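Listed here are the chains, written in short residue letters.
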Amino acid sequence: MKVLIIEDDPLHRSYLNEAVRAALPECDTVLEAENGNAGERLARDFRSAHVVMDLQMSPRNGIEAARTIWKERPETRILFWSNYSDEAYVRGVSRIVPQGAVYGYVLKSASDDRLRLALRSIFIESQCVIDREVRGMQQKSLGNANGFTDAEYEILIDIALGMTDRAIAQRRNLSVRSVQNRLQQLYEKLDVYQSIGDEADGGRFNLRARAVAVAFLRKLLNHSALERAEADLAYWLGRQRAPAHLDADRSPRNG
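What you see is a predicted model, and the numbers here were worked out from it, not measured in a lab. Numbering of residues starts from 1 in every chain and runs along the sequence as written. This being a predicted model, a pLDDT of at least 70 is required before a residue's local features are given, and a value of 80 or more before pairs of side-chain atoms are given or counted; all residues contribute to the totals for chains, interfaces and linings. Side-chain numbers come from the whole structure's heavy atoms, not from hydrogens or water.

Engineer: I keep staring at the pairing of strand β4 (residues 77–82) and nothing clicks. Help me out?
Structural biologist: Along any regular strand the residues' side chains alternate between the sheet's two faces. Summarising burial for β4: five of the six residues are buried, a large majority. The pairing criterion for strands is at least two bridges between them, as found by DSSP. Helix and strand assignments come from DSSP, with helices taken as H or I runs of at least 4 residues and strands as E runs of at least 2, each series counted from the N terminus. Sheet topology places strand β3 (residues 50–53) next to β4; four bridges connect them, and they run parallel. When the bridges of β4 are listed, V52 appears paired with L79. With helix α3 (residues 62–72) bridging β3 and its parallel neighbour β4, the resulting β-α-β unit is right-handed. The pairing of β4 with strand β5 (residues 103–107) spans five bridges and is parallel. Looking at β5, one finds that S82 is bridged to L107. The path from the first strand over the helix to the second decides the hand: if it runs clockwise while the strands point away from the viewer, the crossover is right-handed. At this point the chain moves from β4, through helix α4 (residues 87–94), to the parallel β5, and the crossover so formed is right-handed. For each residue, the accessible area found with a 1.4 Å probe, counting protein chains only, is set against the maximum for its type, and the residue is called buried under 20%, exposed over 50%, and partly exposed in between.

Engineer: Mind showing me how you'd approach the nonpolar core here?
Structural biologist: The nonpolar side chains of a soluble globular protein tend to be buried, and buried together. Core analysis: the biggest nonpolar cluster contains 29 residues, and L4, I6, M53, W70, I78, F80 and Y105 have the highest contact counts within it. Looking at this core, the element that brings in the most residues is α3, giving five residues. Contact partners of W70, with chain neighbours within four places excluded, come to T76, I78, F80, I96, V97, P98, A101 and Y103. Formed by 28 residues, the second largest nonpolar core is a distinct cluster that contains L156, L161, A169 and V212. For our purposes a nonpolar core is just a set of buried Ala, Val, Leu, Ile, Met, Phe, Trp, Tyr and Cys residues, chained together by side-chain atoms within 4.5 Å. We call two residues in contact when some of their heavy atoms are within 4.5 Å.

Set out below in structure tokens:
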């Protein structure tokens with residue numbers, strides 16, 4: 001068994017190496033990569049089906065690397081090992097997991113025993129392992145009345161990117177009225193009106209900018225989420241500008 005560790009912190013890489021060897025005596029090779037780009041190359045070259053990776057890395061983060069790895073080898077088992085249970089990260093992972101994939105999401109604050117148990121459960125027993133705090137965030141974002149639907153989250157991302165109502169409507173195949181309705185729902189769920197009170201009527205606040213600020217404070221958005229969104233926007237804009245006969249042949253961007 002080969003296990004690939006993708007982690008930008010040398011001390012964390014060393015810790016994971018020891019944890020993998022302790023939890024998985026079946027493992028005869030441990031590969032290490034210092035970021036997502038290097039991790040993608042090693043996963044491709046060594047056809048590693050077992051990966052442990054951090055989420056926040058530069059220049060290529062864990063979500064982007066995992067998306068590429070899963071696109072090339074959907075059967076790959078990935079354990080995300082992160083400091084963060086922010087909704088932005090949880091949503092980012094949930095949106096890229098292939099149907100039927102075995103994966104895990106364990107926080108770095110978890111005990112040594114918890115990490116080793118997760119490694120065996122995912123890589124040997126084919127069981128998904130999600131930390132309780134992360135699972136709670138998943139349930140909140142998907143099922144709670146105060147959580148955000150994927151459609152509402154898309155609108156939030158679009159206004160954070162600076163898109164107008166008309167541009168959002170074009171991108172999401174909606175009417176301008178539908179975009180405005182979703183914006184109102186977004187403002188209500190973010191308590192934007194309550195946070196600024198009567199100041200909204202006085203013209204002192206831009207509701208869109210305030211919604212983005214609140215979303216950052218609530219960790220619905222983060223730098224990695226906007227990096228992915230900016231790349232997706234660039235791809236969409238490129239398709240809009242391409243001649244029709246070229247756009248039909250253009251393949252989606254890689255991970």
